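Structure at a glance
Letter by letter, the chains look like this.
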Amino acid sequence: MNHSDSVGASPPPAGSRTCCRVPVGDPENEEVCGVEVRFEIARHAEEPLRVCPVHLGPSLLFATRVLWPPQIALVR
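Residue positions within a chain follow its written sequence, with the count starting from 1. Given that this is a predicted model, residues contribute local features only at a pLDDT of at least 70 and side-chain atom pairs are listed and counted only at 80 or more, while totals for whole chains, interfaces and linings are drawn from all residues. As a rule here, side-chain values cover all heavy atoms of the structure and leave hydrogens and water aside.

Here's the deal with the confidence of the model for the protein
Here the protein shows a mean pLDDT of 82. Residues at 70 or above account for 78%. pLDDT expresses how confident the predictor is about each individual residue, on a scale running from 0 to 100. Whether two residues touch is decided by their heavy atoms; if any such pair falls within 4.5 Å, the residues are in contact. Throughout residues 1–12 the model reports pLDDT below 50, and contacts reaching past four residues in sequence, or to other chains, amount to 18 contacts.

Description of the pattern of salt bridges
A carboxyl oxygen of Asp or Glu within 4 Å of a side-chain nitrogen of Lys or Arg is what we treat as a salt bridge. Applying the stated criterion to the full structure yields four salt bridges. Between Glu46 and Arg43 there is a salt bridge, and its shortest N-O distance comes to 3.2 Å. Relative accessible area decides the class of each residue, using a 1.4 Å probe on protein chains only: under 20% of the type maximum gives buried, over 50% gives exposed, and in between gives partly exposed. Residue Arg43 is classed as buried on the basis of its relative accessible area, which comes to 19%. Residues Glu46 and Arg65 are paired through a salt bridge, measuring 3.3 Å at the closest nitrogen-oxygen approach. With a gap of 19 residues between them, Glu46 in the loop between β1 (39–41) and β2 (49–51) and Arg65 in the loop between α1 (53–62) and β3 (72–74) connect regions that are remote in the sequence. A run of H or I in DSSP becomes a helix once it reaches four residues, and a run of E becomes a strand once it reaches two; helices and strands are each numbered from the N terminus.

So, the side chain of Arg43
With respect to the helices, strands and loops of the structure, Arg43 is situated in the loop between β1 and β2. At a separation of 3.1 Å, a polar atom in the side chain of Arg43 contacts the main-chain carbonyl oxygen of Glu47. When neighbours within four sequence positions are excluded, Arg43 is seen to be in contact with Pro48, Leu49, Thr64, Arg65, Val66 and Leu67. For this analysis, a polar contact is any N or O atom pair within 3.5 Å, provided that within protein one partner can donate a hydrogen and the other can accept it, and provided that sequence-adjacent residues contribute only side-chain to side-chain pairs.

Quick word on the nonpolar core
Working definition of a nonpolar core: buried Ala, Val, Leu, Ile, Met, Phe, Trp, Tyr and Cys residues. They are joined through side-chain atoms within 4.5 Å. Residues Cys20, Cys33, Ile41, Val51, Cys52, Leu56 and Leu60 are the most contacted members of the largest nonpolar core, which totals 14 residues. Listing elements by their share of this core, those giving two or more residues are β1, β2 and α1. Looking at this core element by element, the count peaks at three residues for α1. Other than its neighbours up to four places away in sequence, Leu60 contacts Ile41, Val66, Trp68, Pro70 and Ile72.

Describing the sheet that holds β2
Strand pairing in a sheet takes place through backbone hydrogen bonds and is either antiparallel or parallel in direction. For two strands to count as paired, DSSP must find a minimum of two bridges between them. Ordered in space as β2-β1-β3, the three strands form an open sheet in which the pairing is antiparallel. Every interior strand has two partners, whereas the edge strands, β2 and β3, have only one. Neighbour to neighbour, the strand axes of the sheet diverge by 25° on average, direction disregarded. As defined by bridge partners, β1 adjoins β3 across three bridges and the pair is classed as antiparallel. Opposite Phe39, over in β3, you have Leu74 as the bridge partner. Angular values range over 0 to 180 degrees, each being the angle between N-to-C directions of two axes fitted as lines to C-alpha atoms, with helices fitted over their stretch in contact.

Here you go:
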């Protein structure tokens, strides 16, 4: 899934706000999404996963140790 699927999405400048760190594209390339974080997903015995709207669904399905039913918080 690519962050360019969302309208007007562009990576924010480094250090300006929290960015989605979900890997995109080729795993060897180590490229990350970079879109501003909007959601925090609670996980068992791990730090919450902070993601953008584009990666909320895939993260719920594929991330490790996501609580079920999911606990999702809106990040402002």
